[in-house]
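Here are the chains, one letter per residue:
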Amino acid sequence: GLDYLSYGSQRIEHFRASSVNPNSLSGNWISAIIQDANGNLWVGTQDSGLNFYDKTKKSFSVFKHSDDVFTSISNNHITSILIDNRGVLWVGTANGLNNSESAGRYFTHYVNVDGDSDSLSGDVVYAIYQDRSLGIWIGTDNGLNRYDPQRESFVHHNHQPTTPNSLANDTVISIFEDNSNVLWVGTDGGGLNKYNRQQDHFAYYRANPDDPTSLSG
């Protein structure tokens, strides 16, 4: 479930799924949390959809995938959540990327389409990040993507075995931009990658048991 710690009272409030309370959390395995500009929460669960917590009403609204509703969220396994500079909600799932400009009432889906090089490169979305230049970056099970809002398409960065300084591994699980505007990309198996935007290549930081100053693991 979800726990809230009040710094003032040092009390912990517990939020759990309840079959008898329609306004409760939809599931107890929490996979992502973000706060909106009004102090409300979007909470993703492992297999029970997306929750919106209204702090005034102290209740949850649930958004789940429905095969009968095309504009519902694409999958109930929520992996990552972002609210961008315009207040648009982005939700990563185990089956594609979603965005909503209607507070979750309607979702637009982005998935990998065979033969379409402009589509999302992978359907499992592990990370979503907005950089200082307002670019949206998406980490997937098949590479790093940058969203082009004008074309509603994606620029791909993938591991290329014959290309030096390509992305080290295609499973991208974390993205971060530092104070020098350097984009750092965490991968599963390829270590930490540092992206040079001007030269469009990556430098790698990996664990080396013979080097005590290398990445720890």
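Here the structure is shown first, and the text comes after it.
Presented here is a report on the structure given in the accompanying data block. What you see as residue numbers is a count from 1 along each chain, following the sequence as written. In keeping with the predicted nature of the model, local features appear solely for residues at pLDDT of at least 70, side-chain atom pairs appear and are counted solely at 80 or more, and the whole-chain, interface and lining totals rest on all residues. Heavy atoms throughout the structure, all of them, feed into the side-chain values; hydrogens and water do not.

## A look at unusual backbone geometry
Defined as follows: The helix and strand labels rest on DSSP assignments: H or I over at least four residues marks a helix, E over at least two residues marks a strand, and numbering proceeds from the N terminus. Only protein chains enter the calculation, and the probe is 1.4 Å; a residue is then buried if its accessible area is under 20% of its type maximum, exposed if over 50%, and partly exposed in between.
The backbone phi angle of Q10 is positive, close to 60°, even though this residue is not glycine. Looking at where Q10 falls in the secondary structure, it is placed in the loop between β1 (2–5) and β2 (12–15). The exposure class of Q10 is exposed, given its relative accessible area of 53%. Unlike most non-glycine residues, N181 shows phi in positive territory, near 65°. Counting through the fold element by element, N181 comes out in the loop between β15 (172–177) and β16 (183–187).

## Some points on a nonpolar patch on the surface
Heads up, the rule is: Nonpolar side chains (Val, Leu, Ile, Met, Phe, Trp, Tyr) are joined into patches within 5 Å and like charges within 9 Å, using only residues with over 30% relative accessible area and no salt bridge. Accessibility throughout is a Shrake-Rupley quantity obtained with a 1.4 Å probe, and a residue counts as covered only by protein chains that appear here. We count a salt bridge whenever a side-chain nitrogen from Lys or Arg sits within 4 Å of a carboxyl oxygen from Asp or Glu.
On the surface, a cluster of nonpolar side chains totalling about 360 Å² of accessible area is made up of L5, Y7 and I12. With respect to the element layout, I12 can be found in strand β2.

## Topic: the side chain of S48
Let me state the cut-off plainly: In what follows, a contact means two residues having at least one pair of non-hydrogen atoms within 4.5 Å.
Relative to the elements of secondary structure, S48 occurs in the loop between β4 (41–45) and β5 (50–54). Dropping the residues within four chain positions of it, S48 is found in contact with S26, G27, V62, K64 and N76.

## Side note on the packing of aromatic side chains
In plain terms, the rule: Any pair of Phe, Tyr and Trp rings, taking the six-membered ring for Trp, is counted once the centres come within 6.5 Å. Such a pair is stacked with planes under 30 degrees apart, edge-to-face with planes over 60 apart, and tilted for the rest.
Tallied over the entire structure, the rule returns 14 aromatic pairs. A centroid spacing of 5.7 Å and a plane angle of 80° characterise the contact between F15 and F60, whose relative ring orientation is edge-to-face. Placement of the pair is F15 in strand β2 and F60 in strand β6 (residues 59–63), with a sequence separation of 45 residues. Note on accessibility: F15 and F60 belong to one class, buried. Judged by centre distance (5.6 Å) and plane angle (45°), the ring pair of W184 and Y205 falls under tilted. Placement of the pair is W184 in strand β16 and Y205 in strand β18 (residues 201–205), with a sequence separation of 21 residues. Assessed through its relative accessible area of 36%, Y205 is described here as partly exposed.

## Section: the pattern of salt bridges
Taken as a whole and judged by the stated rule, the model has 6 salt bridges. A salt bridge links R151 to D118; the nearest nitrogen and oxygen atoms lie 3.1 Å apart. Of the two residues, R151 sits in the loop between β13 (143–148) and β14 (153–157) while D118 sits in the loop between β10 (108–110) and β11 (125–130), which places them 33 residues apart along the sequence. Since its relative accessible area comes to 30%, D118 is described here as partly exposed. Its salt-bridge partner being E177, residue R132 comes within 3.3 Å of it at the nearest N-O pair. In this pair, R132 sits in the loop between β11 and β12 (136–140) while E177 sits in strand β15, placing the two residues 45 residues apart along the sequence. We classify R132 as partly exposed; its relative accessible area is 46%. Because the salt bridges share partners, they merge into one network encompassing D131, R132, E177 and R197.

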